[in-house]
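Breakdown of the fold
Each chain, letter by letter, is given below.
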Amino acid sequence: FMAIANMNLSLAKEVIRGLYIGLGTNLAYTKFKLRAKKYYTGSDDPLSPDYHYKFKSSSWDIQPEGIVGLLYQPQVKFSLGAVYRTGATMDLEGKARFGNTLLGLREKSRYAQEMNIPATYGIGLCYRITPRWLIAFDWQGTDWSPMRVKTNFERQGKGLVNQRGD
């Protein structure tokens, strides 16, 4: 489970007739929860004994993200816009637990996780058919190339191991 909620404050100004520039910030709240359980029971095979596996983690953070946008309205019926959002680096902190009965492991630790939320961008256009109806089109993109997750546990073990995922 991963949730990202944004609260936004933006301001825009008409710089020349029909052209608006906007700047703003999102306050990005990120909550990350992961729970995994596996129960393997009822085996009569000595090479495949019963076991239980559990992993649980939970963390959250709040960080700002910059936004810049353009709106061009050459006439009342037609508009063209673009937006760029910078992304953010979330510094998540939380707790994790790991257990595996087959290996005799029960571990728990606080952890810090750095997660890069990628930049996004978009363009859109609309045409007003009537005062009450319009046709709109938009395209959104995400720059996934900087997406990284680094996890560092206070107490590493065999199950809770520092990770760097690119």
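No experiment lies behind these values; they were computed from the predicted model shown.

**Focus on the layout of surface pockets**
Here the largest pocket defines a volume of roughly 410 Å³. K54, R97, F98, G99 and R106 are, among the 17 residues lining the largest pocket, the residues nearest its centre. Looking at the lining of the largest pocket, the elements that each hand over two or more residues are β2 (19-40), β3 (51-75), β5 (88-100) and β6 (105-117). Residue composition of the lining of the largest pocket, by class: four nonpolar, five polar and eight charged. What the second largest pocket holds in volume is close to 250 Å³. Surrounding the second largest pocket, 19 residues form its lining, L34, F55, T151, F153 and Q163 being those nearest its centre. Of all the secondary-structure elements, those providing two or more residues to the lining of the second largest pocket are β2, β3, β5, β6, β9 (149-153) and β10 (163-165). Class assignment of the residues belonging to the lining of the second largest pocket gives a composition of 12 nonpolar, six polar and one charged.

**Structural notes on the nonpolar core**
Residues F55, A96, F98, L105, Y111, F153 and L160 constitute the largest nonpolar core, which totals seven residues. Only β5 and β6 provide two or more residues apiece to this core. A96 has contacts with F55, K56, S57, E107, K108, S109, Y111, F153 and L160, leaving out every residue within four places of it along the chain.

**Looking at the packing of aromatic side chains**
This structure, assessed with the given rule, holds three aromatic pairs. Considering the side-chain rings of Y29 and W60, the 6.2 Å spacing of their centres and the 35 degrees angle between planes classify their relative orientation as tilted. Placement of Y29 in strand β2 and of W60 in strand β3 is noted, with a sequence separation of 31 residues between them. Classification of W60 by relative accessible area gives partly exposed; the value is 49%. Relative to W139, the ring of Y121 lies with its centre 5.8 Å away and its plane at 45 degrees, an arrangement referred to as tilted. Residue Y121 is found in strand β7 (residues 120-128), and its partner W139 is found in strand β8 (residues 134-142); the two are separated by 18 residues along the sequence. In this structure Y121 comes out as partly exposed when scored by relative accessible area, which is 31%.

**Description of a positive patch on the surface**
A cluster of like positive charges, contributed by R35, K37, K54, K56, K95, R97, R106, K108, R110 and R155, occupies part of the molecular surface. Elements that contribute at least two residues to the positive patch include exactly β2, β3, β5 and β6. No other element matches β6, which puts three residues into the positive patch. Along the chain, K37 turns up in strand β2. Look at K37 and you get exposed, because its relative accessible area is 61%.

Calculation criteria
Residues numbered from 1 in each chain as written. Predicted model: local features only at pLDDT ≥ 70, side-chain atom pairs only at ≥ 80, totals over all residues. Heavy atoms only, no water. 1 Å grid on protein atoms, 1.4 Å probe; cavity = no way out; pocket = protein on both sides within 12 Å on 5 of 7 lines; lining within 4 Å. Points joined across faces, edges and corners; volume = space filled by probe spheres on them. Helix = DSSP H or I, 4+ residues; strand = E, 2+ residues; numbered from the N terminus. Nonpolar A, V, L, I, M, F, W, Y, C, P; charged D, E, K, R; others polar. Core = buried A, V, L, I, M, F, W, Y, C linked by side-chain atoms within 4.5 Å. Buried < 20%, exposed > 50% of the residue type's maximum accessible area, 1.4 Å probe, protein only. Contact = heavy atoms within 4.5 Å. Phe/Tyr/Trp six-rings, centres within 6.5 Å; stacked < 30°, edge-to-face > 60°. Patch = residues over 30% accessible without salt bridge, like charges linked within 9 Å, V, L, I, M, F, W, Y side chains within 5 Å. Areas by Shrake-Rupley, 256 points an atom, 1.4 Å probe, with all protein chains shown as cover. Salt bridge = Lys/Arg side-chain N within 4 Å of Asp/Glu carboxyl O. Lys, Arg positive; Asp, Glu negative; His and termini not counted. Charge placed at Lys NZ, Arg CZ, Asp CG, Glu CD.

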